[in-house]
Every structure is written in C-alpha cells, then in structure tokens.
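# Remarks on the overall topology
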Amino acid sequence: YRLKRINHSSYYPNADFRSRLIVLPHRSTLRRMRVYFSQFGSGASVRFSLFKDYDAMSIGGNADLLANAEHTITNATHGALRRYEMPLNISDVNSFYINIRFNHTSATNTAAIIRKIVFDYEYDVDV
C-alpha cells in the first residue's frame, strides 16, 4: 500500500481502507477477528465490513458479512481501546477482503489508528 497524502493536523472523516484479497484454504471458517490499536481517541469510530471472494463492496448490504451494528467500534461505547476482539462464525470462505471505514464525525476528533488485525480460522483438510 502507498500513502498518497498525509495531513497531521486532522483526521478525515469517512475515510475507507480496503485490503487486498486474502486467500485461505478451501472452505475455511472464520472464527475470530482481533483488532489492535495504536490509538483509539475520544472521537474514534471504526466500522468493519467483510466480503467473500470477489463480491462487490456494498457497506451494510447483503454481501457485507459484518453488517451488524456490533461491528462498529466507538470510543463512546467501548472507551479507549488497545485491542478489540470480535467472535465470528463465517463458513465456506475461500478468500475475503475487509473494508475499514474510519467514521468519526469530525476532522478534529482523535481518530483510531489500527496497528494490526489478526484473523483466526479453521479448515478441514479432507474437503
């Protein structure tokens, strides 16, 4: 990934980051997503979306496998986080990509900075 523009004086609201396609063993099951933050300030809000294979990205749509409200993390609800863990049970996954929307309300909010994301998954070697 390349950073095209950096502005240290503000955090752009509703900015999206979309990952590359992540390939898993055939028909895997995603069990958990752990998000590690370097910063999760007073105005932070992050919405996660996950799409299988080459499904078109439609945040909150039918193909968004994390469309539930619990996949939006806010400082107002959860406080200043260093780590957040989401249980998942998404089966029959060959590949997926995620979209992260930094949906804080103002450019002056102290937004989230994500350090890393870890997915736990299972697969059956007999399939």
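Our subject is the structure that appears above.
Treat the numbers as computed from the prediction; the structure is a model and nothing was measured. (Residues numbered from 1 in each chain as written. Predicted model: local features only at pLDDT ≥ 70, side-chain atom pairs only at ≥ 80, totals over all residues. Heavy atoms only, no water.)

Taken as a whole and judged by the stated rule, the model has 7 salt bridges. A salt bridge links R31 to E122, with the nearest nitrogen and oxygen atoms 3.1 Å apart. Separated by 91 residues along the polypeptide, R31 in strand β2 (residues 22-40) and E122 in strand β6 (residues 112-122) bring together distant segments of the chain. Assessed through its relative accessible area of 32%, R31 is described here as partly exposed. Put simply, R83 and E85 hold a salt bridge, and the shortest N to O gap is 2.3 Å. Residue E85 is classed as partly exposed on the basis of its relative accessible area of 34%. (Salt bridge = Lys/Arg side-chain N within 4 Å of Asp/Glu carboxyl O. Helix = DSSP H or I, 4+ residues; strand = E, 2+ residues; numbered from the N terminus. Buried < 20%, exposed > 50% of the residue type's maximum accessible area, 1.4 Å probe, protein only.)

A complete count under the given rule lists 4 aromatic pairs for this structure. Measuring from centroid to centroid gives 5.3 Å for F51 and Y97, while their planes differ by 25°, and the two rings are stacked. Taken as a pair, F51 in strand β3 (residues 45-52) and Y97 in strand β5 (residues 83-102) lie far apart in primary sequence, 46 residues in all. The same class applies to F51 and to Y97, which are both buried. (Phe/Tyr/Trp six-rings, centres within 6.5 Å; stacked < 30°, edge-to-face > 60°.)

Let us look at the pairing of β5. Bridge count for strand β1 (residues 15-18) against β5 is 4 bridges, and the pairing is antiparallel. Across the sheet, residue A15 finds its bridge partner in β5, namely F102. Across 9 bridges, the pairing between β2 and β5 is antiparallel. By the bridge assignment for β5, Y36 is matched with R83. (Pairing = 2+ DSSP bridges.)

Bringing unusual backbone geometry into the picture now. With a phi close to 55°, R27 is a non-glycine residue in the positive phi region. Within the element layout of this structure, R27 appears in strand β2. By relative accessible area, R27 is classed as partly exposed at 46%. The phi torsion at D53 lies on the positive side, around 45°, for a residue other than glycine. Relative to the helices and strands, D53 resides in the loop between β3 and β4 (72-74).

This paragraph deals with the nonpolar core. If you look at the biggest cluster of nonpolar residues, it comprises 24 residues, and the most contacted ones within it are L30, F37 and F48. When contributions to this core are tallied by element, the ones reaching two or more residues are β2, β3, β5 and β6. A per-element tally of this core places β5 first, with 9 residues. Beyond its immediate chain neighbours, meaning those up to four positions away, L30 contacts L24, L50, L88, N89, I90, V93, F96, F119, D120 and Y121. (Core = buried A, V, L, I, M, F, W, Y, C linked by side-chain atoms within 4.5 Å. Contact = heavy atoms within 4.5 Å.)

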